[in-house]
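Commentary on secondary and tertiary structure
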Amino acid sequence: MWTFTATDGDYAFDDVKLAAFPIHVGVRNIPIGHVFTLAEQDTLTSVTLGWADMTDNEDGITEAFDVRVEVYPLDVQNKAGECLLAYEVERPLAGGVKVMEVPARVLPAGRYFIGVRQIHPRGSMSLGCDGDQSGVFYLLDKGVAEMQDLFGYAAVRATFGQVEYVVGTDIELLGLRKPSLRGAYAANEPVVADYRNNGCEALEVEFKCTVSGSTQTKTMTVPAYGMGSVEFE
């Protein structure tokens, strides 16, 4: 059974009440979710995910594992823009509906794909579906949100509400892509670092890289919730 409630704290929230999900899906490295349309600016505060039970699965998975909640803006042709949120949460082996708190994201009016990506290399993440013959969900494949039927509605629900504080600017260094942390470092090998702005405002960032006493700097404008990489030769 699906019910709908609205409060002054959460504009919209689907309350899933299923004893067990009759169908479950999972495709490695292809996010599964829904397209949400916001009529006005709002703040994403959490994503609710429904899981099929995996306590006795055929893939030999014996421990909880991480999945990644992702948010992308969509144009009228369902083409995705730059990722606005990529946040890993734990998928328990037990089935049921879990509220996954995510870093708050201020989203302007528009269309968005909000879903979950399987990053575990084995088996299926077993995201629940209700089996409704009229239901659909979306796969974000090669940058386009494509509708998928036959399985019903996927148990992915976004919660928009009020938060006490939203970060304005917050640059985070995600890690080094190059050089490898192991092995020899070639003299002409570039240094590549990945970054993310966790804030709702664009900011100008000066990146510095020092190798063998020599320092290089690069200044870049990073958009709100923007992700990217910076390279030093």
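Read on for an overview of the structure. Since the model is a prediction, treat every value here as computed from it, not as a measurement.

Cut-offs used in this document
Residues numbered from 1 in each chain as written. Predicted model: local features only at pLDDT ≥ 70, side-chain atom pairs only at ≥ 80, totals over all residues. Heavy atoms only, no water. Helix = DSSP H or I, 4+ residues; strand = E, 2+ residues; numbered from the N terminus. Phe/Tyr/Trp six-rings, centres within 6.5 Å; stacked < 30°, edge-to-face > 60°. Buried < 20%, exposed > 50% of the residue type's maximum accessible area, 1.4 Å probe, protein only. Lys NZ or Arg CZ within 6 Å of the ring centre and 35° of its normal. Pairing = 2+ DSSP bridges. Axes fitted to C-alpha atoms, helices over the stretch in contact; angles between N-to-C directions. Patch = residues over 30% accessible without salt bridge, like charges linked within 9 Å, V, L, I, M, F, W, Y side chains within 5 Å. Areas by Shrake-Rupley, 256 points an atom, 1.4 Å probe, with all protein chains shown as cover. Salt bridge = Lys/Arg side-chain N within 4 Å of Asp/Glu carboxyl O. Lys, Arg positive; Asp, Glu negative; His and termini not counted. Charge placed at Lys NZ, Arg CZ, Asp CG, Glu CD. Contact = heavy atoms within 4.5 Å.

**Some thoughts on unusual backbone geometry**
- Residue proline 179 is bonded to the preceding lysine 178 through a cis peptide linkage, with omega at -5 degrees.
- Looking at the element boundaries, proline 179 is found in the loop between β14 (171–178) and β15 (191–197).
- With phi around 55 degrees, lysine 142 is a residue other than glycine that occupies positive phi space.
- Counting through the fold element by element, lysine 142 comes out in the loop between β11 (137–141) and β12 (144–148).

**Considerations on the packing of aromatic side chains**
- For the coordinates displayed, the defined rule picks out two aromatic pairs.
- Ring centres 5.1 Å apart and planes at 35 degrees place the aromatic pair tyrosine 195 and phenylalanine 207 in the tilted group. Of this pair, tyrosine 195 sits in strand β15 while phenylalanine 207 sits in strand β16 (residues 203–211), placing them twelve residues apart in sequence.
- Judged by its relative accessible area of 7%, tyrosine 195 falls in the buried class.
- The ring centre of phenylalanine 232 lies 5.7 Å from the NZ or CZ of lysine 218, which sits over that ring.

**What about the sheet that holds strand β7 (residues 85–91)?**
- If you trace the six strands from one edge of the open sheet to the other, you get β7-β6-β9-β4-β11-β12, paired in antiparallel fashion. Only two strands of the sheet have a single neighbouring strand rather than two, namely β7 and β12. Neighbour to neighbour, the strand axes of the sheet diverge by 35 degrees on average, direction disregarded.
- Bridge count between strand β6 (residues 65–74) and β7: seven bridges; the pairing is antiparallel. Each bridged residue has a counterpart across the sheet, and for aspartate 66 the counterpart in β7 is glutamate 90.

**Comments concerning a negative patch on the surface**
- A contiguous patch of negative charge on the surface is contributed by Asp53, Asp56, Glu58 and Asp59.
- Here aspartate 59 is to be found in the loop between β5 (42–51) and β6.

**Thoughts on the pairing of β12**
- In this structure, β11 lies alongside β12, joined through five bridges in antiparallel fashion. For phenylalanine 137, the partnering residue across the bridge sits in β12 and is glutamine 148.
- Linkage of β11 to β12, two consecutive antiparallel strands, is achieved through a turn of two residues, within which lysine 142 is found at a positive phi near 55 degrees.

**A closer look at the environment of asparagine 29**
- On the secondary structure map, asparagine 29 appears in the loop between β3 (23–25) and β4 (32–38).
- It is 9.8 Å that separates the C-alpha atoms of asparagine 29 and valine 67, two residues lying 38 residues apart in sequence.
- When sequence neighbours within four positions are dropped, the list of residues in contact with asparagine 29 reads Arg117, Gln118 and Ile119.

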